[in-house]
Amino acid sequence: MALLDSLVIGFRRLVRRLGRRWRRVPAATPAARPAAQSESAEPTWRAIVEAVAEPVVVVDRTGVVRQCNSPSIALFGRVRPGQHISIMCRNPELLDAIETVQESREPVTVEILVLGPSLRHMTATVAWLGGASLPPPAPKLLVTFRDRTEEDRLNRMRADFVANASHELRTPLASLRGFIDTLRGPAREDREARERFLAIMAAQGERMTRLIDDLLSLSRVEMRAHLPPNSLADLAEVARNVVQSLEPVATAASITLEMAGLADAAWVRGDRDELTQVVQNLVQNGIKYGRPGGHVTIRLVCERAAASQGKETARRYRLSIADDGPGISPEHLPRLTERFYRVNVTSSREKGGTGLGLAIVKHIVNRHRGDLDIDSKVGQGSTFSVVLDAVEPADAARP
Ligand code: ADP
């Protein structure tokens with residue numbers, strides 16, 4: 001009991017002491033309080049809305065815009081505080097959502113299409129901010145917009161890519177299964193047919209392997225797209241090696257490979273294996289699509305580039321691979337680096353093409369922060385050039 005009494009006394013003392021301390025904090029005078037509130041609340045609201053990266057609009061009970069941030073002005077152009085939200089966006093679902101949320105006080109998300117220089121697909125989320133009894137212009141609802149256009153485009157691209165890749169694999173697979181059935185059935189005892197079919201099956205198997213190799217290369221390069229290479233590579237040496245390794249393929253296709261400007265070292269910041277793949281794909285294309293009996297020239301020149309901030313050097317190397325084949329019509333040029341894009345699908349397949357070679361080249365060149373130029377004239381031939389920043393010899397000395 002004595003213990004309980006002393007605990008109660010101690011607690012009372014503590015409360016009295018804290019009470020004295022709280023009283024020492026000066027209380028805001030009735031006149032000062034609203035001023036302090038309006039001073040702190042008003043800029044805070046504006047600052048928060050402005051700091052949001054997505055387009056955001058605050059509206060009052062009557063649907064009049066009270067605040068809007070720069071991204072919302074960039075998106076809708078016409079939006080200004082004091083205007084009704086319908087001037088900014090006439091979408092009936094959005095206007096309905098504004099009404100609904102005032103009743104339900106639960107957030108509502110609607111899909112809207114925004115007309116502008118291009119059609120944009122957005123989602124708009126309307127959320128209740130509280131303060132039911134406050135009259136306008138008190139903010140009541142926050143409308144947040146999210147642009148889904150790029151996401152839709154990427155989803156479409158991904159779906160197209162999977163469909164194309166599956167189709168490319170399904171064709172040789174169907175052919176293989178067909179030949180297996182034939183060899184098990186009608187051609188079981190036909191020795192000559194068996195040899196012929198096995199040769200075709202081997203070619204289809206190789207085609208599937210090439211396709212899978214190219215798909216893996218593309219995915220590897222894509223995964224590293226944001227990481228610029230930090231090693232050094234001698235572009236001239238890379239090109240010389242590729243020419244040497246493809247010499248037998250060129251001879252088999254009656255094409256002469258010619259080299260120009262490859263004698264001296266040409267240092268660039270780059271991944272040697274990836275650059276080898278770039279040159280290999282371009283020289284292989286020159287051989288595949290060039291003129292039988294013609295030439296493919298691999299030329300390296302050093303160019304002066306306009307010096308720009310952040311660039312290591314004002315010198316650039318241009319490695320061009322030129323053939324004297326039939327060339328490509330101008331309408332195809334902008335799409336050549338798209339995955340699976342081919343000017344002539346049958347001809348590409350016959351020549352062992354996968355339709356991914358130039359997509360891989362483009363991705364690698366992008367990762368190297370370089371340029372890929374394509375120049376072609378029907379009846380005269382095509383030139384594919386890779387342009388990369390040169391690294392000064394002093395830097396090249398310490399890889
Ligand atoms: P593929 O595996 O079909 O060769 P690429 O991505 O390497 O795929 O090339 C895409 C298409 O570009 C080819 O199918 C071909 O139509 C065209 N092409 C590429 N290089 C040349 C070239 N040197 N001359 C003519 N057409 C070319």
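Residues numbered from 1 in each chain as written. Predicted model: local features only at pLDDT ≥ 70, side-chain atom pairs only at ≥ 80, totals over all residues. Heavy atoms only, no water.

Some remarks on the site of the ligand
Now for step 1: Taken together, 18 residues lie near the ligand, and Tyr289, Asp323, Ser348, Thr354 and Leu358 sit nearest.
Now for step 2: Here an oxygen atom of the ligand and a backbone polar atom of glycine 357 are 3.2 Å apart.
Now for step 3: Across the complex, the protein chains shield 96% of the 530 Å² of accessible surface that the ligand would expose by itself.
Now for step 4: At a threshold of 2 Å from the grid points, most atoms of the ligand map onto the largest pocket.
Now for step 5: Every element with two or more residues in the shell around the ligand is listed here: helix H9 (272–289), helix H11 (357–367) and strand E12 (381–389).
Now for step 6: Considering every element that reaches the shell around the ligand, the biggest residue donor is H9, with 3 residues.
Now for step 7: Partitioning the shell around the ligand into residue classes produces 8 nonpolar, 7 polar and 3 charged. (Near = heavy atom within 4 Å. Polar contact = N/O pair within 3.5 Å; in protein donor to acceptor, adjacent residues only side chain to side chain. Areas by Shrake-Rupley, 256 points an atom, 1.4 Å probe, with all protein chains shown as cover. 1 Å grid on protein atoms, 1.4 Å probe; cavity = no way out; pocket = protein on both sides within 12 Å on 5 of 7 lines; lining within 4 Å. Sits in = over half its atoms within 2 Å of the grid points. Helix = DSSP H or I, 4+ residues; strand = E, 2+ residues; numbered from the N terminus. Nonpolar A, V, L, I, M, F, W, Y, C, P; charged D, E, K, R; others polar.)

Topic: the side chain of glutamine 277
Now for step 1: For glutamine 277, the position within the fold is in helix H9.
Now for step 2: At a separation of 3.2 Å, a polar atom in the side chain of glutamine 277 contacts the side chain of serine 217.
Now for step 3: Contacts of glutamine 277, omitting those with residues within four sequence positions, involve Ser217, Ile360 and Ile364. (Contact = heavy atoms within 4.5 Å.)

Looking at a nonpolar patch on the surface
Now for step 1: Residues Leu113, Leu115 and Leu119 make up a contiguous nonpolar surface patch of roughly 350 Å² in combined accessible area.
Now for step 2: Examined against the element boundaries, leucine 113 turns out to sit in strand E3 (residues 108–114).
Now for step 3: By relative accessible area, leucine 113 is classed as exposed at 54%. (Patch = residues over 30% accessible without salt bridge, like charges linked within 9 Å, V, L, I, M, F, W, Y side chains within 5 Å. Salt bridge = Lys/Arg side-chain N within 4 Å of Asp/Glu carboxyl O. Buried < 20%, exposed > 50% of the residue type's maximum accessible area, 1.4 Å probe, protein only.)

Some remarks on the layout of surface pockets
Now for step 1: A volume near 1,000 Å³ is recorded for the largest pocket.
Now for step 2: Lining the largest pocket are 43 residues, and of these Gln284, Asn285, Lys288, Tyr289 and Gly353 lie nearest its centre.
Now for step 3: For the lining of the largest pocket, the secondary structure elements donating two or more residues are helix H7 (191–223), H9, helix H10 (345–350), H11 and E12.
Now for step 4: Broken down by element, the residue count for the lining of the largest pocket peaks at 9 residues, all from H9.
Now for step 5: Tallied by class, the residues present in the lining of the largest pocket amount to 15 nonpolar, 20 polar and 8 charged.
Now for step 6: Along the wall of the second largest pocket there are 14 residues; nearest its centre are Met157, Asp160, Asn164, Glu338 and Arg339.
Now for step 7: Of all the secondary-structure elements, those providing two or more residues to the lining of the second largest pocket are helix H6 (149–184) and H11.
Now for step 8: Among the elements that line the lining of the second largest pocket, the one with the most residues is H6, at 6 residues.
Now for step 9: Per-class residue counts for the lining of the second largest pocket are 4 nonpolar, 3 polar and 7 charged. (Points joined across faces, edges and corners; volume = space filled by probe spheres on them.)

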